[in-house]
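If you want the building blocks of each chain, they are given just below.
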Amino acid sequence: MLREELEETVERYDLVKRTFDSFWVCFENYLTDDITKEESREYGLTDKDQVEVKLYGYSFVVSKKFSREFIKVDLDVYKKDSSSEFAEYYCIYSLAGECEDDYFVIT
């Protein structure tokens with residue numbers, strides 16, 4: 001997939017906005033879920049106002065492992081009081097714009 005086609009697909013399905021929206025739902029769950037609430041407190045995280053999220057980029061991926069192609073939209077997550085990234089969030093979309101999976105990873 002050429003760059004222009006990738007950008008058209010990302011724009012057509014509003015993948016960047018949808019990834020940000022999905023991140024905020026995921027992050028709220030991370031802060032409030034019984035399983036992860038304690039971990040979030042260990043990182044000093046108690047609400048969404050403590051983080052800043054930036055678009056890292058998006059890419060077209062040909063996965064030999066899973067024998068498929070998809071679009072991956074990556075976000076970097078920073079604590080507002082720090083310049084270094086502490087987490088990543090990304091969504092994987094089908095070429096038809098359907099969200100197939102997402103990942104929140106503390107680095």
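Residues numbered from 1 in each chain as written. Predicted model: local features only at pLDDT ≥ 70, side-chain atom pairs only at ≥ 80, totals over all residues. Heavy atoms only, no water.

1. A few points about the packing of aromatic side chains
The condition is simple: Only the six-membered ring of Trp is used, alongside the rings of Phe and Tyr, when aromatic pairs are assigned; centres must lie within 6.5 Å, and planes under 30 degrees apart are stacked while those over 60 apart are edge-to-face, with the rest tilted. Think of it in three bands: residues with accessible area under 20% of the maximum for their type are buried, residues over 50% are exposed, and the middle band is partly exposed, with areas taken using a 1.4 Å probe on protein chains only. Numbering of helices and strands starts at the N terminus; helices are DSSP runs of H or I of at least 4 residues and strands are runs of E of at least 2.
One pass over the structure, following the stated rule, counts nine aromatic pairs. Ring centres 4.9 Å apart and planes at 70 degrees place the aromatic pair Phe23 and Trp24 in the edge-to-face group. Taking the relative accessible area as the measure of exposure, Phe23 reaches 0% and is therefore buried. Exposure remark for Trp24: the relative accessible area of 30% places this residue in the partly exposed category. Their ring planes at 90 degrees and their centres at 6.2 Å tell us that Trp24 and Phe27 sit as a pair that is edge-to-face. Taken as a pair, Trp24 and Phe27 lie in helix 2 (residues 15-32) at a separation of three residues, close to a single helical turn. For Phe27, a relative accessible area of 0% corresponds to the buried category. Each member of the aromatic cluster is reached from another via a ring pair, and the members are Phe23, Trp24, Phe27, Tyr30, Tyr89 and Phe104.

2. Thoughts on the nonpolar core
Rules: We call a set of buried residues a nonpolar core when its members are Ala, Val, Leu, Ile, Met, Phe, Trp, Tyr or Cys and they connect through side-chain atoms within 4.5 Å of each other. When checking whether two residues touch, look at their non-hydrogen atoms; a contact exists if any pair is within 4.5 Å.
Formed by 20 residues in total, the largest nonpolar core has its most connected members in Phe23, Phe27 and Leu45. Put simply, the parts of the chain that give this core at least two residues each are helix 1 (3-12), helix 2, strand 1 (51-63), strand 2 (68-79) and strand 3 (85-93). Counting residues per element, this core draws most heavily on helix 2, at six residues. The contacts of Phe23, once residues within four sequence positions are left out, are Val53, Leu75, Val77, Tyr89 and Phe104.

3. Considerations on the pattern of salt bridges
For side chains bearing opposite charge, pairing can occur when the charged atoms are close. Applied cut-off: For this document, the term salt bridge refers to a Lys or Arg side-chain nitrogen within 4 Å of an Asp or Glu carboxyl oxygen.
If you walk through the whole model with that rule in mind, you get four salt bridges. Of the charged contacts, one joins Asp21 and Lys17 as a salt bridge, the two residues approaching to 2.7 Å between their closest N and O atoms. Here the residue Asp21 and the residue Lys17 both occupy positions in helix 2, the gap between them amounting to four residues, near one helical turn. Note on Asp21: relative accessible area 36%, which makes it partly exposed. On the accessibility criterion, Lys17 (44% relative accessible area) is partly exposed. Among the ionic pairs, Arg68 bridges to Glu100, the shortest N-O distance being 2.3 Å. Linking Arg68 in strand 2 with Glu100 in strand 4 (residues 99-106), this pair joins segments that are 32 residues apart in sequence. Judged by its relative accessible area of 31%, Arg68 falls in the partly exposed class.

4. With respect to unusual backbone geometry
In most cases, non-glycine residues show a negative phi, while peptide bonds are predominantly trans. Even without being glycine, Asp14 reaches a positive phi, approximately 55 degrees. The backbone of Ser67 sits at a positive phi, close to 50 degrees, despite the residue not being glycine. Looking at the secondary structure, you find Ser67 in the loop between strand 1 and strand 2. Judged by its relative accessible area of 64%, Ser67 is exposed.

Any link to function would need more than the numbers given here.
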